[in-house]
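Here are the chains, one letter per residue:
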Amino acid sequence: MKNKYLALGDSIVEGYKLQGKSFVYYLSKDFDIANRGMNGLSSNLLKYYRGDLKPFTHVIVHIGINDFLQGYENAQVEKSIMELVDIFKSEDLKIIFLKPVIIAQEACDYNWCSKTYYPLIKERLINYRKFLDKLGEEEDFQIIDLMDTTGIDVYDNLMDGIHPNLKLSKAMGKYIGTKLLQEVWNGKFCQENQTKKIIKKRESTFDSFSINFNSVYPIFFYNQSQKNCLWQFSK
């Protein structure tokens, strides 16, 4: 079965002020993915907004910022996340959570929050990111940290302290795509008895994943001592 992804979440998923060009738009160039992002969505509402999950094999979730902007506490958000996890697991979906960027104080200048309330929002976001890390370890979910987006300064490319501009959106799409591919290939090829080096051309190898590498070759090295797969892209 081909991998089919569903992106769920808030304005970061929908693409606030980007005319639909959120990170999902850039992922769609290489992945079969649907976008069900909605501006202003919080975790307690996402379970009702999710729609039909049956066509999909994977779900990518970015949620949480609006919860804390609306005054929810960590315990409430964590409860909503666990309810979502139960729903996704009941549909046998592979789950990927995106760790949100900790919003900048500049968001207060755009009336997303008050300067008095900002330190509490920041603290709750930090704790929420830790919760996602722990959840990923316990449940073996993939967790992708958007603050680690490579090749760009995240905070220099937020339009309003919260929302990515077009440049950052594109970089996030590329970064998330790289992480998704790493997870796919670790699961597919990184076994203990795997040969030491694998080089495959995309047309003959990647069709089952619905991925277009644009003539970029993935190169894999199985590390015998660490029992894991090291890889990179090479033209």
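For the structure itself, consult the block above.
Here the structure is a predicted model, which is why all the values come from computation and not from measurement. (Residues numbered from 1 in each chain as written. Predicted model: local features only at pLDDT ≥ 70, side-chain atom pairs only at ≥ 80, totals over all residues. Heavy atoms only, no water.)

**Some points on the environment of K179**
For the record, the criterion: Helix and strand definitions follow DSSP, with helices as H or I runs of at least four residues and strands as E runs of at least two, each counted in order from the N terminus. Think of it in three bands: residues with accessible area under 20% of the maximum for their type are buried, residues over 50% are exposed, and the middle band is partly exposed, with areas taken using a 1.4 Å probe on protein chains only. Contacts between residues were defined by any pair of non-hydrogen atoms, one from each residue, lying within 4.5 Å.
Of note, K179 is situated in helix α7 (residues 166-189). Residue classification places K179 among the partly exposed residues on the basis of a relative accessible area of 28%. The spacing of K179 and I144 is 35 residues in sequence and 7.3 Å in space, taken between C-alpha atoms. What K179 contacts, discounting residues up to four positions off in sequence, is Q142 and I144.

**Some points on the packing of aromatic side chains**
Going by this rule: Each pair of aromatic rings taken from Phe, Tyr and Trp, with Trp reduced to its six-membered ring, is defined by centres within 6.5 Å and is described as stacked if the planes are under 30 degrees apart, edge-to-face if over 60, and tilted in the remaining cases.
Under the counting rule described, the total for this entry stands at six aromatic pairs. Ring centres 5.9 Å apart and planes at 75 degrees place the aromatic pair Y16 and W112 in the edge-to-face group. Highlighted residues: Y16 in the loop between α1 (11-14) and α2 (23-27) and W112 in the loop between β4 (94-99) and α6 (118-139), separated in sequence by 96 residues. Between Y25 and Y26, the ring centres sit 5.0 Å apart and the planes meet at 85 degrees, which makes this aromatic pair edge-to-face. On the basis of relative accessibility, which here comes to 14%, the residue Y26 falls in the buried class.

**Observations regarding the pairing of strand β3 (residues 58-62)**
Note the following rule: Any two strands are treated as partners once DSSP identifies two or more bridges connecting them.
Here β3 lies mainly inside the structure; five of its five residues are buried. Alternating positions in β3 separate into two faces, H58, I60 and H62 on one and V59 and V61 on the other, with burial throughout. Where β3 meets β4, four bridges bridge the pair, whose relative direction is parallel. Of the residues in β4, the one forming a bridge with V59 is I95.

**Some remarks on α6**
Defined as follows: The span you would expect from a helix comes to 1.5 Å times its residue count less one. Of all possible arcs, the one meant is that of the directions from the helix axis to the C-beta atoms.
Here α6 spans 31 Å end to end across 22 residues, near enough to the 32 Å set by a 1.5 Å rise per residue. Turning to α6, its buried residues are Y118, I121, R124, L125, Y128, R129, F131, L132, L135 and G136. Along the axis of α6, the buried residues cluster in a sector spanning 165 degrees; they form a single face. In α6, the exposed residues that point more than 90 degrees away from the buried face are K130, K134, E137 and E138. Of the surrounding elements, those touching the buried residues of α6 are α4 (65-69), α5 (74-90), β4 and β5 (142-145). In the stretch just after α6, D140 is the one whose phi turns positive, near 60 degrees.

**Some remarks on the pattern of salt bridges**
Here is the rule: Here, a salt bridge means any side-chain nitrogen of Lys or Arg that lies within 4 Å of a carboxyl oxygen of Asp or Glu.
Counting across every chain of the model gives nine salt bridges. Note that E139 and K89 form a salt bridge whose closest N and O atoms lie 3.1 Å from each other. Linking E139 in helix α6 with K89 in helix α5, this pair joins segments that are 50 residues apart in sequence. In this structure, the salt-bridge partner of K99 is D145, at a minimum N-O distance of 3.5 Å. Here K99, found in strand β4, pairs with D145, found in strand β5; they are 46 residues apart in sequence, far enough to count as distant. The residues K99 and D145 share a single accessibility class, namely buried.

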